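Coordinate analysis (summary)
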Amino acid sequence: MLQIFYDSQDFYLLKELEKLGPRKGVISQSVKDVVQSLVDDDLVSKDKIGTSVYFWSLPSCAGNQLRNVSKKLESELESSKKRHVELVEQCESLKKGREDSDAREEALSELKDIEQKYNELKEEMGQYADNDPATVEAMKEAIKVAQEACNRWTDNIFTLRQWCSNNFPQAKEQLEHLYNEVGITEDFDYIELPAVTLVKQVDE
């Protein structure tokens, strides 16, 4: 349909276009919808003069429209590039403080030692459940100390996660990826001690 306008560079009524449309492979019944879609895309102009509506389009108009679309796409591309740079910078910022260092390695090692000690004490406590209550109480106190140390680390981690969520809400996916990388998964939580019941031996 555009070729009709470009070839003649003239003005047309809709009835005239419906007669010319079949020559370009557009059936008469579809001409109105095709022309309207071209108007919506700013490829064809229309104006009402008196009681008649005229349609027209010049090759230069199409060129201007394509240039406008090109500029819009270039602007969107530039915005996307800037957004990408911002996200990369945020990701690098979030990684700060997680670099391998002696202090970090020492803290992680201490945490692992505490967890291992807790598990060992828990098993040993089971062995002493039927023995001296004083020994059991001492073991319970040691386990409690180990549990509190673990939960302090857990609380610090939760606080850090909340701070990151509040300050970098737009980087939620990157944060979740970092958490998973360091082992902070969905089941990460405080350590809860099971209830222990002392069983006294009865001499026969």
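Residues numbered from 1 in each chain as written. Predicted model: local features only at pLDDT ≥ 70, side-chain atom pairs only at ≥ 80, totals over all residues. Heavy atoms only, no water.

1. A word on the overall build of the protein
Quick reminder of the rule: Numbering of helices and strands runs from the N terminus, with a helix taken as a DSSP run of H or I at least four residues long and a strand as a DSSP run of E at least two residues long. Buried, partly exposed and exposed residues are distinguished by accessible area as a fraction of the type maximum, computed with a 1.4 Å probe on protein chains only: under 20%, between the cut-offs, and over 50%, respectively. Working rule for contacts: check all heavy atoms of both residues, and any pair within 4.5 Å makes them a contact. For accessible areas, the Shrake-Rupley method is used with a probe of radius 1.4 Å. Any residue's cover is judged against the shown protein chains and nothing else.
The helix and strand tally for the protein stands at seven helices and two strands. Starting at the N terminus and ending at the C terminus, the protein contains elements arranged as α-α-α-β-β-α-α-α-α. Across the 204 residues of the protein, 21% fall into the buried class. For the protein, the share of sequence-separated contacts (at least 6 apart) that also reach a separation of at least 24 residues comes to 58%. Accessible surface for the protein amounts to roughly 15000 Å². Of this, 50% is attributable to carbon and sulfur atoms.

2. What to know about the side chain of Ser57
Mapped onto the fold, Ser57 is located in the loop between β2 (52-56) and α4 (59-95). The contacts of Ser57, once residues within four sequence positions are left out, are Leu2, Phe5, Tyr6, Leu43 and Val44.

3. Regarding helix α3 (residues 28-40)
To be explicit about the condition: Expected span of a helix: the number of residues minus one, times 1.5 Å. Relevant arc is that of directions from the helix axis to the C-beta atoms, nothing else.
In this model, α3 (13 residues) spans 19 Å end to end at C-alpha, consistent with the 18 Å of a helix rising 1.5 Å per residue. Of all the residues in α3, the buried ones are Val31, Val35, Leu38 and Val39. Down the axis of α3, the buried set is contained in an arc of 100°. They therefore lie on one face. Relative to its buried face, α3 has exposed residues pointing more than 90 degrees away, namely Gln29, Asp33 and Asp40.

4. With respect to the nonpolar core
Nonpolar side chains in soluble globular proteins generally cluster together in the buried interior. Which entries qualify depends on this criterion: Buried Ala, Val, Leu, Ile, Met, Phe, Trp, Tyr and Cys residues that are joined via side-chain atoms within 4.5 Å together make up what is termed a nonpolar core.
Ranked by size, the top nonpolar core spans 14 residues in total, and within it Met1, Phe5, Leu17, Val35 and Phe55 carry the most contacts. Of all elements in the fold, only α1 (2-8), α2 (14-20) and α3 reach the threshold of two or more residues within this core. Counting residues per element, this core draws most heavily on α3, which supplies four residues. Contact partners of Met1, with chain neighbours within four places excluded, come to Leu17, Gly21, Val26, Val31, Val34, Val35 and Leu38. Formed by nine residues, the second largest nonpolar core is a distinct cluster that contains Leu121, Met125, Ala146 and Ala149.

5. A few points about the pattern of salt bridges
Going by this rule: One speaks of a salt bridge when a side-chain nitrogen belonging to Lys or Arg is within 4 Å of a carboxyl oxygen belonging to Asp or Glu.
All chains considered together, the criterion is met by one salt bridge. For Glu86, the salt bridge is made with Arg83, and the minimal N-O distance between the two is 3.3 Å. Of this pair, Glu86 and Arg83 both sit in helix α4, three residues apart, which is roughly one turn of the helix. Residue Arg83 is classed as partly exposed on the basis of its relative accessible area of 33%.

6. A short note on helix α7 (residues 172-181)
Given 3.6 residues per turn, any residue in an α-helix points the same way as the ones three and four places further on. Residues of α7 that are buried include every one of Leu175, Leu178 and Tyr179, and no others. All buried residues of α7 lie within an arc of 100° about the axis, which places them on one face of the element. Of the residues in α7, the exposed ones pointing more than 90 degrees away from the buried face are Glu173 and Glu181.

So yeah, pure geometry; function would need other evidence.
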